[in-house]
Amino acid sequence: MKALLIVLALGGLVAAGFSGTAVDPSCLRDGPEYIGADGCKKCHFTQWMSWKKTEMAKAFDSLKPGEAAEAKAKHGLDAAKDYTKDASCVSCHVTGYGKPGGYPAIEEGKTWTAEETERAKSMEGVQCESCHGPGSQTVPFKKDNENYKKADVLKLGMVEPNAENCAQCHNSKNPTAGDDYKLDYEALTKDDKKIHKHKKLKYEH
């Protein structure tokens, strides 16, 4: 009986990926998912209020017929066309496109479920997580650990905003940017009309 218990215990360790060291519990949990800006505003209300007024927040609306007509006309786009069903446009005007918890991917011939339709609505616009990473794990962790360290939340899905991340959409392939477009990251991140005002955090992380 004792031998059997030992065998079972060893089997459990092998199944858990035992390699002579303690098993990291993080390997057993699901990956981070997108939760939407409403999940962030509880702790970052000032930033959320500032963001709501920005071009990023209203990015999805610009794809609708009649919206941003002057800008569209300037770049040869049909202002009367509905671009909200065009995946090549939508992916840069929403949050977490095609990723867990994020805006559902647009697939030809596929009808969204009620859950996907509701989720899509909540993920319209370029929200907090587009720059800071999915928050399903970081938000509850930060709530329980106010004096958290940045290294801790980076392991849980948070990312640091950087030019490379912005350049995924802010590039010359953008039909309203032009072939000679160059991302000015410093100017972009200092423009309160495009992102949000920055407020000093309570703790140094």
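Residues numbered from 1 in each chain as written. Predicted model: local features only at pLDDT ≥ 70, side-chain atom pairs only at ≥ 80, totals over all residues. Heavy atoms only, no water.

Chemist: Let's hear about the nonpolar core: which residues, and what values?
Modeler: In terms of nonpolar packing, the biggest core is built from 11 residues, these being Ala37, Trp48, Trp51, Met56, Ala57, Ala59, Val126, Cys166, Tyr185, Leu188 and Ile195. Of all the secondary-structure elements, those providing two or more residues to this core are helix 2 (45–51) and helix 10 (185–190). Aside from chain neighbours lying at most four places away, what touches Leu188 is Met56, Cys166, His170, Leu183, Lys194 and Ile195. Grouped together as the second largest cluster of nonpolar side chains are 10 residues, Leu63, Cys89, Tyr103 and Met123 included. (Core = buried A, V, L, I, M, F, W, Y, C linked by side-chain atoms within 4.5 Å. Buried < 20%, exposed > 50% of the residue type's maximum accessible area, 1.4 Å probe, protein only. Helix = DSSP H or I, 4+ residues; strand = E, 2+ residues; numbered from the N terminus. Contact = heavy atoms within 4.5 Å.)

Chemist: How would you sum up the packing of aromatic side chains? Please name residues and give values.
Modeler: One pass over the full model with this rule turns up four aromatic pairs. Here Phe60 and Tyr103 contribute two aromatic rings whose centre-to-centre distance is 6.1 Å and whose plane-to-plane angle is 45°, an arrangement assigned as tilted. Remark: Tyr103 occurs in the loop between helix 4 (87–90) and helix 5 (114–122) and Phe60 occurs in the loop between helix 2 and helix 3 (69–74); sequence separation between them is 43 residues. With respect to class, Phe60 is no different from Tyr103; both count as buried. Taking 5.5 Å as the distance between ring centres and 80° as the angle between the ring planes, the aromatic pair formed by Tyr103 and Trp112 counts as edge-to-face. With relative accessibility at 23%, the residue Trp112 sits in the partly exposed group. (Phe/Tyr/Trp six-rings, centres within 6.5 Å; stacked < 30°, edge-to-face > 60°.)

Chemist: Which residues make up the state of the cysteines, and what values go with them?
Modeler: With the rule as written, the count across this model stands at one disulfide. Cys92 shares a disulfide with Cys169; S-S distance 2.0 Å. Measuring the twist about the S-S bond at about -90°, one finds the Cys92-Cys169 disulfide to be left-handed. Here the residue Cys92 occupies a position in the loop between helix 4 and helix 5, and Cys169 occupies one in the loop between helix 9 (163–166) and helix 10, the gap between them amounting to 77 residues. (Disulfide = S-S within 2.5 Å.)

Chemist: Describe the pattern of salt bridges, naming the residues involved and giving the relevant values.
Modeler: Side chains that differ in sign of charge can pair as their charged atoms come close. Per the stated rule, a full pass over the model turns up six salt bridges. Across the salt bridge formed by Asp61 and Lys64, the nearest N and O atoms sit 3.1 Å from each other. Residues Glu160 and Lys150 are paired through a salt bridge, measuring 3.2 Å at the closest nitrogen-oxygen approach. Taken together, the residues Glu160 in the loop between helix 8 (150–154) and helix 9 and Lys150 in helix 8 connect sequence positions 10 residues apart. Using a relative accessible area of 34% as the deciding quantity, one classes Lys150 as partly exposed. (Salt bridge = Lys/Arg side-chain N within 4 Å of Asp/Glu carboxyl O.)

Chemist: If you had to explain the side chain of Thr54 to someone new, which residues and values would you point to?
Modeler: Position of Thr54 relative to the elements: it lies in the loop between helix 2 and helix 3. On the basis of relative accessible area, Thr54 is assigned to the buried category, the value being 1%. Polar side-chain contacts of Thr54 include one of 3.3 Å to the backbone nitrogen of Ala57. Excluding residues within four positions of it along the chain, Thr54 makes contact with Asp192, Lys193, Lys194, Ile195 and His196. (Polar contact = N/O pair within 3.5 Å; in protein donor to acceptor, adjacent residues only side chain to side chain.)

Chemist: Quick rundown of helix 5? Include the residues and the values.
Modeler: Taken together, the buried positions of helix 5 are Glu116, Arg119 and Ala120. Projected down its long axis, helix 5 carries its buried residues within an arc of 105°, all on one side. Exposed side of helix 5, more than 90 degrees from the buried face: Ala114, Glu118 and Lys121 are the residues found there. (Arc of directions from axis to C-beta.)

Chemist: Report on the environment of Lys41, specifying residues and quantitative values.
Modeler: Examined against the element boundaries, Lys41 turns out to sit in the loop between helix 1 (2–15) and helix 2. Overall, Lys41 belongs to the partly exposed group, its relative accessible area being 26%. Through-space distance from the C-alpha of Lys41 to that of Cys128 is 9.3 Å; in sequence the pair is 87 residues apart.

The quantities given are spatial measurements derived from coordinates; they are silent on function.
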